[in-house]
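# Remarks on the overall topology
Spelled out, the chains give:
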Amino acid sequence: MANIDTGGGGGKHKGGGKVRGKKMSTRVDMTPMVDLGFLLITFFILATTLNKPSSMTLNVPDKTEKVETEPIKASKVMTLFLGQNNEVHYIAGKAANEDPKLETVRYGQQLRQAILDARAKIGPDFVVVIKPTPKSTYRNMVDILDEMAITKSKRYALVDQLTPDEEKLIADKLK
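Counting restarts for each chain: residues are numbered from 1 in the order of the written sequence. Totals for whole chains, interfaces and linings use every residue, but because this is a predicted model, local features are given only for residues with pLDDT of at least 70 and side-chain atom pairs only at 80 or more, for both listing and counting. Computation of side-chain values covers all heavy atoms of the structure but excludes hydrogens and water.

## Thoughts on helix 2 (residues 109-122)
Spanning 14 residues, helix 2 covers 20 Å between terminal C-alpha atoms, matching the ideal 20 Å at 1.5 Å per step. Throughout, exposure labels follow a simple rule: accessible area from a 1.4 Å probe, protein chains only, divided by the maximum for the residue type, with under 20% read as buried, over 50% as exposed, and the rest as partly exposed. In this text, helices come from DSSP runs of H or I with a minimum length of four residues, and strands from runs of E with a minimum of two, each type numbered from the N-terminal end. Those residues of helix 2 that fall on the buried side of the exposure criterion are Leu111, Ala114, Ile115, Ala118 and Ile122. Burial along helix 2 is one-sided: seen end-on, the buried residues are contained in an arc of 95 degrees. Turned more than 90 degrees from where helix 2 packs its buried face, Gln109 and Ala120 sit exposed. Residues of helix 2 that are buried in the fold lie against strand 3 (77-82), strand 4 (87-92), strand 5 (103-106) and helix 3 (138-150). At the C-terminal side of helix 2, Gly123 shows a positive phi close to 110 degrees. Given the number of residues in a helix, its expected span is that number minus one, multiplied by 1.5 Å. Of all possible arcs, the one meant is that of the directions from the helix axis to the C-beta atoms. Every residue pair with non-hydrogen atoms within 4.5 Å of one another is taken to be in contact.

## Remarks on the pairing of strand 4
Taken together, the 5 bridges between strand 3 and strand 4 define a ladder with antiparallel strand orientation. If you follow Leu80 over to strand 4, its bridge partner there is Tyr90. Sheet topology note: the strand 4/strand 5 ladder contains 4 bridges and is antiparallel. Looking at strand 5, one finds that His89 is bridged to Thr104. Here a strand pair is declared whenever DSSP counts at least two bridges between the two strands.

## As for a nonpolar patch on the surface
Taken together, Val28, Met30, Met33, Val34, Phe38, Ile41, Ile45 and Leu46 make up a surface patch of nonpolar side chains, about 870 Å² in accessible area. Counting residues per element, the nonpolar patch draws most heavily on helix 1 (residues 31-47), at 6 residues. Residue Met33 is classed as exposed on the basis of its relative accessible area, which comes to 55%. Each patch is built from salt-bridge-free residues with over 30% relative accessible area, joining like charges within 9 Å and nonpolar side chains (Val, Leu, Ile, Met, Phe, Trp, Tyr) within 5 Å. The Shrake-Rupley method, run with a 1.4 Å probe, gives the accessible areas here. Residue values count only the displayed protein chains as cover. Think of a salt bridge as a Lys or Arg side-chain nitrogen and an Asp or Glu carboxyl oxygen that are within 4 Å of each other.

## Examining the sheet that holds strand 4
Judged by pairing direction, the sheet is mixed, and its 5 strands sit side by side in the order 5-4-3-6-7 without closing on themselves. Among the strands making up the open sheet, the edge pair consists of strand 5 and strand 7 (156-158). Strand-to-strand twist in this sheet, taken as the mean axis angle between neighbours without regard to direction, amounts to 25 degrees. Helix axes are fitted to C-alpha atoms over the stretch in contact, other axes to C-alpha atoms as well, and angles between N-to-C directions run from 0 to 180 degrees.

So, to be careful, I would describe these as geometric facts and stop short of saying anything about function.
So this is what it looks like as structure tokens:
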């Protein structure tokens with residue numbers, strides 16, 4: 001509440017002169033304003049919905065069940081090697097021992113376009129094989145899985161080991 005302090009100022013003067021009225025000093029009590037501030041802060045904290053972390057589902061095969069499958073032809077496969085500095089090296093439609101052309105792209109639109117082009121070229125039996133290298137990061141793995149979701153690639157495999165032919169193919173890119 002606002003209080004008016006009537007003390008101070010003015011007083012009796014010795015001698016003659018003009019008589020002045022008492023000066024009144026004002027003092028504003030800030031307690032209600034602080035209370036209102038805390039009430040508003042509390043209201044907005046409680047009324048705000050917090051973002052819940054979202055995760056992508058990843059279906060993995062059962063370890064106990066052994067299923068014999070037919071090997072996939074190299075002509076139907078796009079192999080992605082996750083490299084350093086957010087680069088992805090890939091070969092499409094050929095195996096590493098067939099002297100393929102190794103392309104390099106960055107995450108985002110370049111990689112997305114490469115996946116879509118390879119899918120259009122290979123056809124409906126398109127499979128992506130993702131192979132992280134020792135120089136890649138966890139973030140690279142998350143980004144590539146996001147790209148699989150964005151491009152709606154249903155068939156992909158995560159392989160953690162490189163063949164000797166693949167190691168020779170990308171050796172100069174991982175220096």
